[in-house]
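Given next are the chains, with one letter for each unit.
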Amino acid sequence: MVLAHGALRLRPLTRSDRKAWRKVRERNLAWLTRWDATTPPGAEARPRTFAAMVRGMHAEARAGRQLPFAVEYDGEFVGQLTVNNIVRGSAQFCSVGYWIDEAQAGKGLMTRAVAMAVDHCFFALKLHRVEIAIRPENTASLRVVEKLGIPEIGYAPRYLHIDGDWRDHRLFAVCREDAPKGLEARL
Ligand SMILES: CC(C)(COP(=O)(O)OP(=O)(O)OC[C@H]1O[C@@H](n2cnc3c(N)ncnc32)[C@H](O)[C@@H]1OP(=O)(O)O)[C@@H](O)C(=O)NCCC(=O)NCCS
């Protein structure tokens, strides 16, 4: 599955992204650590290698619970966007997480990538609702949902284990009927 807009491409993350992924992550440690998921005390440890992470994501994808995308710009790996927590049945719900190389920030790339992924969730996967959880301190990510017109639906104290502790999150969600033409049409 490839989603494209000009030089921006979302395509499945694969094991062959290892070198580019490590290079970008190493350069961006300070940029990303504050927003990165961590392992809560007592929980099963997160994958320690890129290969293990991709293996786990592909297993989730095969089970229909996740879509792990590599984000490319001009043919270069620049970040990741993951559609996760896909729930079918009466929920038809998912959430979206993302990060981009600091060197590529501010070009509107991840805002458009989120719009493309949400539209894929609505129109190809037929999901009904997409949720994005953001730490109140994360002004850049708050701008992403603001620019896409994704409404705030609540506040979740100690919602996710991020950067070593349980962190409060503001919750944003959009339903398919709120955006009949999709989110990319809003940009
Ligand atoms: C949040 C994030 C994905 C946005 O990606 P992006 O491709 O830069 O998105 P945009 O270009 O649309 O910029 C969104 C906002 O980020 C801010 N921003 C832009 N360049 C920035 C930079 N170099 N440094 C810090 N913030 C910046 C601006 O407020 C911008 O809003 P604006 O367009 O009104 O100026 C990116 O900042 C990032 O990866 N942050 C670290 C990881 C993270 O927070 N992930 C999300 C967790 S919920």
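Caption draft 1: Quick look at the overall build of the protein. For the protein, the count of helices and strands is 5 helices and 8 strands. Each helix and strand of the protein, placed in order from N terminus to C terminus, yields the pattern β-β-α-α-α-β-β-β-α-β-α-β-β. Expected size for 187 residues packed as a compact globule is a radius of gyration near 16 Å; at 16 Å, the protein falls within 12% of this value. Its C-alpha atoms put the protein at 40 × 40 × 35 Å along the principal axes. The buried share of the protein, taken over its 187 residues, is 27%. Taking the contacts inside the protein whose residues are at least 6 apart along the sequence as the reference set, 60% of them involve residues at least 24 apart.

Caption draft 2: Geometry of the environment of Glu177. Of note, Glu177 is situated in the segment after strand 8 (165–175). Along the backbone, Glu177 and Lys126 are 51 residues apart, and their C-alpha atoms lie at a distance of 11 Å.

Caption draft 3: The environment of Ala113, seen in detail. If you trace the backbone, Ala113 turns up in helix 4 (residues 109–123). Distance in space between the C-alpha atoms of Ala113 and Gln80 is 9.6 Å, their sequence separation being 33 residues.

Caption draft 4: Quick look at the sheet that holds strand 2 (residues 8–12). Strand order in the open sheet formed by 8 strands is 1-2-3-4-5-6-8-7, and the pairing between neighbours is mixed. Each edge of the open sheet is held by one strand with a lone partner, namely strand 1 (3–5) and strand 7 (152–162). Averaged over all neighbouring strand pairs, the angle between strand axes comes to 25 degrees, with direction disregarded. Sheet analysis places strand 3 (residues 67–73) next to strand 4 (residues 76–87), joined by 7 bridges and oriented antiparallel. Residue Glu72 lies in a different strand from strand 4, and its bridge partner there is Phe77.

Caption draft 5: Summary view of the site of the ligand. Inspection of the region around the ligand gives 20 residues, with Ala105, Gly106, Met110, Thr111 and Ala140 positioned closest. Elements with a contribution of two residues or more to the shell around the ligand: helix 2 (29–32), strand 5 (93–100), helix 4 and helix 5 (139–148). Top contributing element to the shell around the ligand by residue count: helix 5, with 5 residues. Within the shell around the ligand, the residues separate by chemical class into 12 nonpolar, 6 polar and 2 charged.

Caption draft 6: Spatial organisation of the pairing of strand 7. Sheet analysis places strand 7 next to strand 8, joined by 7 bridges and oriented antiparallel. Residue pairing across strands places Ala156 opposite His169, the latter belonging to strand 8. In textbook terms, the turn of a hairpin is the stretch between consecutive antiparallel strands, and for strand 7 and strand 8 this stretch comprises 2 residues, one of which, Asp163, has a positive phi near 45 degrees.

Caption draft 7: Representation of the pairing of strand 5. Of the strand pairs in this sheet, strand 4 and strand 5 are connected by 7 bridges, and their pairing is antiparallel. What sits directly across from Gln80, in strand 5, is Trp99. In the classification by handedness, the crossover that spans strand 5, the intervening helix 4 and the parallel strand 6 (residues 129–134) is right-handed.

Caption draft 8: Representation of the packing of helix 4 against helix 5. Closest axis-to-axis distance for the helix 4/helix 5 pair is 10 Å, and the angle between their directions is 55 degrees. The pairing of helix 4 with helix 5 is recorded here as oblique in orientation. Judged by the twist between their axes, the crossing of helix 4 over helix 5 is right-handed. Between helix 4 and helix 5, the residues in contact are Met110, Thr111, Val114 and Ala115 and Val144, Lys147 and Leu148, respectively. Residues that form the contact of helix 4 with helix 5 fall into these classes: 5 nonpolar, 1 polar and 1 charged.

About the thresholds
- Sequence order as written defines the numbering, with residues in each chain counted from 1.
- Selection of residues for local features in this predicted model requires a pLDDT of at least 70, selection of side-chain atom pairs for listing and counting requires 80 or more, and totals for whole chains, interfaces and linings are taken over all residues.
- Under the DSSP-based scheme used, a helix requires at least four consecutive residues in state H or I and a strand at least two consecutive residues in state E, with every element numbered from the N terminus.
- The quantity called the radius of gyration is restricted to C-alpha atoms. Its globule counterpart is 2.2 Å times the number of residues to the power 0.38.
- Exposure in this text rests on C-beta crowding, where 20 or more other C-beta atoms within 10 Å of a residue's own make it buried, 12 or fewer make it exposed, and counts in between make it partly exposed. The C-beta atoms are placed from the backbone.
- A pair of residues counts as a contact when their C-beta atoms, built from backbone coordinates, are within 7 Å of each other.
- The criterion for strand pairing is that DSSP finds at least two bridges linking the strands in question.
- Note on geometry: axes are C-alpha line fits, over the in-contact stretch for helices, and angles between N-to-C directions span 0 to 180 degrees.
- Note on definitions: a residue is near a molecule or strand provided its C-beta atom, placed from the backbone, lies within 6 Å of it.
- For this scheme, ten residues count as nonpolar: Ala, Val, Leu, Ile, Met, Phe, Trp, Tyr, Cys and Pro. Four count as charged, namely Asp, Glu, Lys and Arg, and the remainder, Gly too, count as polar.
- Note on handedness: a crossover is taken as right-handed if, strands pointing away from the viewer, the path from the first strand over the helix to the second is clockwise.
- An angle below 35 degrees is treated as roughly parallel, one above 145 as roughly antiparallel, one from 65 to 115 as roughly perpendicular, and anything else as oblique.
- Each helix crossing is assigned a hand: it is left-handed if the near helix lies turned anticlockwise from the far helix by less than a right angle, otherwise right-handed if that turn is clockwise.

All quantities given are derived from atomic positions and should not be read as evidence of function.
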